[in-house]
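Secondary and tertiary structure notes
So you can see what is in the structure, the chains are spelled out below.
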Amino acid sequence: MPDISEDGRTWVLSGPASSYAVHITERDELLHLHWGPRIALADAEALAARPLPDHWPFESSLDGREEYPVEGGPRFTRPALSVRGAGRRGTEWVYEGHEAGDGGLRLRFRDGGLLITLHYRMPPATDVVERWVSLDNRGPAVEVLRADSATWTLPERDTWRLSQLHGRWGAESRLARSELTPGEKVVGSRRGHTSHQHLPWVALDTDATEERGEVYGCALGWSGSWRIAVARLPDARVQITGGAGHDDSGLLTLGPGEAYTTPVFAGLWNDGGFGGASRAWHAYQRDHVVPDAGRDRPVLFNSWEATGFDISEEQQRALAERAAALGVELFVVDDGWFGARTGDRAGLGDWTPNPDRFPGGLGPLARHVHGLGMRFGIWVEPEMVNPDSELYRAHPDWVQHQPGRKRTEFRNQLVLNLAREDVREYLWERLDRLLSSAPVDYVKWDFNRCFTDAGWPDDPYPQRLWVDHVRALYALLDRLRAAHPGVAFESCSGGGGRVDLGVLSRTDQVWTSDNTDPLDRLAIQHGFSQIHPARVMAAWVTDSPNAMLNHRSSSLRFRFVSAMAGVLGIGGDLTRWTREELAEAGDWVRLYKEIRPVVQRGDLYRLRPPEGGLSAVQYVLGDEAVVLAWLQAQRYGEPVPALRLRGLDPAATYECLETGEVHRGGVLLHHGLRVGLCGDLDAAVVRLKRK
Ligand code: DGJ
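Below, the structure is looked at part by part.

Parameters and conventions
Residues numbered from 1 in each chain as written. Predicted model: local features only at pLDDT ≥ 70, side-chain atom pairs only at ≥ 80, totals over all residues. Heavy atoms only, no water. Near = heavy atom within 4 Å. Polar contact = N/O pair within 3.5 Å; in protein donor to acceptor, adjacent residues only side chain to side chain. Areas by Shrake-Rupley, 256 points an atom, 1.4 Å probe, with all protein chains shown as cover. Nonpolar A, V, L, I, M, F, W, Y, C, P; charged D, E, K, R; others polar. Pairing = 2+ DSSP bridges. Helix = DSSP H or I, 4+ residues; strand = E, 2+ residues; numbered from the N terminus. Buried < 20%, exposed > 50% of the residue type's maximum accessible area, 1.4 Å probe, protein only.

1. Description of the site of the ligand
Lining the immediate environment of the ligand, one finds 14 residues, of which Asp 334, Asp 335, Lys 444, Asp 446 and Asp 514 sit closest. Asp 335 has a polar side-chain atom sitting 2.6 Å from an oxygen atom of the ligand. Its free accessible area being 290 Å², the ligand has 98% of it covered by the protein chains. Counted by class, the shell around the ligand contains five nonpolar, three polar and six charged residues.

What follows is the structure, given as structure tokens:
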């Protein structure tokens, strides 16, 4: 419940360590007052009493101070809301009132027939502020050109630094940090999905380190095209505006009686450095976003790198038997089990088992896998179709396309128009039937191309398909989860092309990257961990040399310890692993199961980043700690530096389960732990237990 001033015009939301305050003036200007350490209502009132700066006509006194800048009036900053209707553009709202309760706040405004509500929520025991906006049209039709979820305002500081996660296929979520110079930095996706190129997250700091200093972070929960604009304004303030859609050319129209709710844009202030911010984001996602996050994810085997499209029931049975012997808990048959899918040219859209490959359907293999003590999973890519498929031959008009234009193919596939009700119903009916036809426990949901010809002939406002596609995807996942509560879902998009808070609220884990090289992975995982927890970060051990990306050879030890930093999986061709390799792999799987609760549910400390020769992470849960360390290359015969641990009790003693040595907590924190790594691509796991 927010603190509210007596005049009902100032509100303060507070979490365990932070507060967020806003104020509405007598002129109905909604001003941002504070986002940072905890303050009292009296502090917020003192801030509200400060006069707005008096400016020459070339600056606006509202710019950089408003909570949700709308288009029009005395403003020059990027508007968060831009609507057009009744022959005019822009918004001039009047304040109508507020509702407060349950850690939340709603501020209501009206412009003619358009009701605009700003929503705020701080879920219990977190400093994350969730913000979103709803539009409810009670008047004549309006076109919503842009409706961002929120604008975040940061205080005046001399300099600001921006952190972002960027990449491409096979190289997702790499961390970049740069000074924020005056003007705007825009990140986003124009691709119809979250994208490999940018994760919808930014962080701003002035001089934070991994464990100290203020960090502001914002993360958007949207799996379609999106945009986050970070502006450094002339008076050294920063505003971050973000939401669905990649430009301002139109999101949707709202007819009389129609409503639209934006996705959530979540913000977090933290003064524990980048590490503290990540731990707070992780806890928030485990407690409030990811379904069933208290339950640890199983060790899986996935057939993709082992067999590609060339699959058969017999070969999958052989792999399953080897996987089960290693202690694998979930066996997933990837692409190639359905329709005429013997390569990437055909079959997408036809979600029935290929009769040559699975003459009895998926049931016999699923039951065999269950008989081996594992759960059974399958790969699907429901939003896509190959032109060479029964589905496309029957419904060529079901794909996104522009009338009279070429239909661009990527990976020989087109995108189904999920904004169409008939397409949505078809997918629901097919997937529901598939999940009912065999004992399937897990669905890997892939998405392997971006939107290009996002048209919808005959629809009066085809532009809406960008937003409606994502809403349809979410509705389909929600409906399937409700109808098949025992089935877990993985979000995949050619690796990490669809990782965001929106998809994470309806999937159990995500495929981090198609790059399974264990060294490259350390940097990808380092970036991923800035925002998302190990509990959702799938990582596989594959063959060496790495066949997918770079032919780098690495030991089974290095591959396992790299993948053990997240949800461990195996993706190699087990039928070609030697007896010794299989025995060693079984030992690693056993070890992973022991450390799994600490990795998947513990607090993460990044001890050393992956750029140097030695990198390491540590997880702490209750009395247990786990350190994973990797040495890329030893130079000049020098011993690797000791790792200064974090998150331990300095007054306690800890036993190392690998060596039996007993360490003082204070010594580990201040002098560090030596891990005996040497040579190239070496790795170690160290378990510590408080005595
Ligand atoms: C892309 C995924 O990232 C891979 O893991 C695999 O599932 C292929 N698609 C299958 O086509």
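2. Topic: the sheet that holds strand β11 (residues 142-147)
Read across the sheet, four strands follow the order β6-β5-β11-β20 without closing on themselves; strand pairing throughout is antiparallel. Lying at the two open borders of the sheet, with one neighbouring strand each, are β6 (88-89) and β20 (252-254). Where strand β5 (residues 81-85) meets β6, two bridges bridge the pair, whose relative direction is antiparallel. From the neighbouring strand, Gly 85 faces β6, where its bridge partner is Arg 88.

3. Some thoughts on the pairing of β11
Burial within β11 is extensive, with six of its six residues counted as buried. As paired elements, β5 and β11 share five bridges and run antiparallel to each other. Paired with Leu 81 across the bridge in β11 is Ala 147. Note that β11 and β20 share three bridges and pair antiparallel. Residue pairing for β20: Val 144 is matched across the bridge by Leu 252.

That is the geometry; function is a separate question.
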